[in-house]
Amino acid sequence: MADTAALRSRNAAFWAGAAAGWIRHADRQDETGRPLGAAAMDRLAARPAERILDVGCGCGGTTAEIAAAVGETGTAIGVDIAEAMVTAARQRYPGTRFHLADIETLEVVPGAPFDAAFSRMTLMLLADPVAGCTTIRRSLRPGGRLAATVFRDGGVNQWLSAAMLGAAPHLGPLPPLPVGDEPGPFAFADPARLTRVLTTAGFTAVTITQCNVALETTDDADAVAEWLIEVGPAGAAYRAAPPAGQAAARAGAARLLDRFREPGAGYRLPAGLWLVTANAAGTPTHHELREDKSQ
């Protein structure tokens, strides 16, 4: 497995290359992808006048939703590693605050302390999740709350791999797939690891609850295939491919995604998640532990 510095570099390069697809499909991600974070948003229960951090804000849709909940007397701040996505978020939601930063390398997020932090499908993507979660905890007031979602294992999220496997034979080289605990959609398939990460980062009252949702979208095989390819690991290779290669990739992905389609009704993509909640413990310190790599 690559060391943390190499993984951080790989992450930065990946998201720089992936951003174009996420920006192109930002509206679909906000609407169709909302169930991926809905349970955490409900558990967050943002209230007027609160200050809330959105970790991995992407193109800003979740931050804007939080901003609406906290109102003019509150503050919602989104942070993301992808410069193009942060730029897009600022353009889409000019009245909301966004920061470009790697959450793992900050002491605290600008605007801290926050009453709560939210994250939709981001914690699993951190190169050093203890470092990232420690920054989140330091950025919360003592007792501040965290609500987040991550994917469980690949067996309950089969549409994720179907889109990539269907497209890959028709495209150029793809980024290396994650190995072991490396950042990726299933890095927290084992909830015990997620608990260790959060407790080491200084969170208490950690709860991890199984959550099953479904993403429902239109009966347009070509559009659905393109969306899932573009926001996945094959996205950059897809955009670099000639039109014939792109068409073949969409057709390949559509074939493997067909089992999730009801003709005339649309697609129903079942997703298995962990809903994560925790509280920030005590007073932040400058001496933070790192996850025990032997565990």
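Residues numbered from 1 in each chain as written. Predicted model: local features only at pLDDT ≥ 70, side-chain atom pairs only at ≥ 80, totals over all residues. Heavy atoms only, no water.

Participant: Give me the lowdown on the overall build of the protein chain, citing residues and values where you can.
Facilitator: Looking only at helices and strands, the protein chain features 11 helices and eight strands. Its C-alpha atoms give the protein chain a radius of gyration of 19 Å, near enough to 19 Å, the size a compact globule of 295 residues would have. Dimensions of the protein chain, computed from C-alpha atoms along their principal axes, come out at roughly 55 × 45 × 30 Å. Evaluated residue by residue, the protein chain yields a buried proportion of 50% over its 295 residues. For the protein chain, the share of sequence-separated contacts (at least 6 apart) that also reach a separation of at least 24 residues comes to 80%. Here the protein chain has roughly 12,500 Å² of accessible surface; of this, 55% comes from carbon and sulfur atoms. (Helix = DSSP H or I, 4+ residues; strand = E, 2+ residues; numbered from the N terminus. Rg over C-alpha atoms; globule rule 2.2 N^0.38 Å. Buried < 20%, exposed > 50% of the residue type's maximum accessible area, 1.4 Å probe, protein only. Contact = heavy atoms within 4.5 Å. Areas by Shrake-Rupley, 256 points an atom, 1.4 Å probe, with all protein chains shown as cover.)

Participant: Mind laying out the packing of helix H6 (residues 129-139) against helix H8 (residues 191-200), listing which residues take part and the relevant values?
Facilitator: Following both chains from N to C, one finds H6 and H8 inclined at 50 degrees, their axes separated by 8 Å at the closest point. In this view, H6 runs oblique relative to H8, as classed from their interaxial angle. Where H6 crosses over H8, the handedness of that crossing is right-handed. Between H6 and H8, the residues in contact are Pro129, Val130 and Cys133 and Arg193, Val197, Leu198 and Thr200, respectively. Its residues assigned to classes, the contact of H6 with H8 comprises five nonpolar, one polar and one charged. (Axes fitted to C-alpha atoms, helices over the stretch in contact; angles between N-to-C directions. Parallel < 35°, antiparallel > 145°, perpendicular 65-115°, else oblique. Left-handed = near helix turned anticlockwise from the far one by under 90°. Nonpolar A, V, L, I, M, F, W, Y, C, P; charged D, E, K, R; others polar.)

Participant: Pulling in residues and values, what's your account of helix H5 (residues 83-92)?
Facilitator: Looking only at H5, the buried set comprises Met85, Val86, Ala88 and Ala89. Viewed end-on, H5 has its buried residues packed into an arc of 160 degrees, placing them on one side of the element. In H5, the exposed positions that point more than 90 degrees away from the buried face belong to Glu83 and Gln91. If you follow the buried residues of H5, they end up packed against helix H1 (4-24), strand E2 (75-80) and strand E3 (97-100). (Arc of directions from axis to C-beta.)

Participant: So, the pattern of salt bridges: which residues are in play, and what are the values?
Facilitator: Side-chain pairs of opposite charge can arise where the charged atoms are in close proximity. As enumerated under the stated definition, the model contains 18 salt bridges in all. The partner of Arg261 in a salt bridge is Asp219, and the shortest N-O contact between them spans 2.5 Å. A residue pair is termed long-range when its members are at least 10 positions apart, and Arg261 in strand E7 (residues 261-262) and Asp219 in the loop between strand E6 (203-217) and helix H9 (221-230) qualify at 42 residues. With relative accessibility at 29%, the residue Asp219 sits in the partly exposed group. (Salt bridge = Lys/Arg side-chain N within 4 Å of Asp/Glu carboxyl O.)

Participant: Residues and numbers for the environment of Ala13, please.
Facilitator: With respect to the helices and strands, Ala13 occurs in helix H1. As for Ala13 and Pro175, which are separated by 162 residues in sequence, their C-alpha atoms are 9.8 Å apart.

Participant: So what about unusual backbone geometry? Which residues, and what values?
Facilitator: Along the chain, Ala112 connects to Pro113 via a cis peptide bond; the corresponding omega equals 5 degrees. Its place among the elements puts Pro113 in the loop between E3 and strand E4 (114-120). For Ala205, which is not glycine, the phi torsion reads 50 degrees and is therefore positive. Its place among the elements puts Ala205 in strand E6.

Participant: Tell me what's going on with the pairing of strand E1 (residues 51-55), and back it up with residues and numbers.
Facilitator: Among the five residues of E1, four are classified as buried, and the element is accordingly described as predominantly covered. The handedness of the E1 to E2 crossover, carried by helix H4 (residues 61-70), is right-handed. Sheet analysis places E1 next to E4, joined by three bridges and oriented parallel. If you follow Leu53 over to E4, its bridge partner there is Ala117. (Right-handed = clockwise from strand over helix to strand, strands pointing away. Pairing = 2+ DSSP bridges.)

Participant: Can you explain the nonpolar core? Please cite residues and give values.
Facilitator: Counting 71 residues, the largest nonpolar core has Ile136, Trp159, Phe203 and Leu257 as the members making the most contacts within it. Per-element tally for this core: the top contributor is strand E8 (residues 266-280), with nine residues. Grouped together as the second largest cluster of nonpolar side chains are eight residues, Trp15, Ala26, Met85 and Ala88 included. (Core = buried A, V, L, I, M, F, W, Y, C linked by side-chain atoms within 4.5 Å.)

Participant: An account of the side chain of Asn11 is needed here, citing residue identities and associated values.
Facilitator: Looking at where Asn11 falls in the secondary structure, it is placed in helix H1. Residue classification places Asn11 among the buried positions, given a relative accessible area of 13%. When sequence neighbours within four positions are dropped, the list of residues in contact with Asn11 reads Leu125, Leu126, Ala127 and Pro183.

Participant: Describe the environment of Ala117, naming the residues involved and giving the relevant values.
Facilitator: One can find Ala117 in strand E4. Each C-alpha atom of the pair Ala117 and Asn279 lies 9.8 Å from the other, and the pair is 162 residues apart in sequence. Those residues in contact with Ala117, other than ones at most four positions away along the chain, are Leu44, Leu53, Ile136, Leu140, Arg145, Leu146 and Ala147.

Participant: Explain the packing of aromatic side chains to me, and be specific about the residues and the numbers.
Facilitator: Overall, the coordinates contain four aromatic pairs when judged by the stated rule. Ring centres of Phe14 and Trp15 lie 5.0 Å apart, and the angle between their planes is 85 degrees; this geometry places the pair in the edge-to-face category. Looking at Phe14, the relative accessible area reads 23%, which means it is partly exposed. Here a set of aromatic residues connected by ring pairs shows up, and it is made of Phe14, Trp15 and Trp22. Taking NZ or CZ as reference, Arg152 lies 5.5 Å from the ring centre of Trp274, over its face. (Phe/Tyr/Trp six-rings, centres within 6.5 Å; stacked < 30°, edge-to-face > 60°. Lys NZ or Arg CZ within 6 Å of the ring centre and 35° of its normal.)

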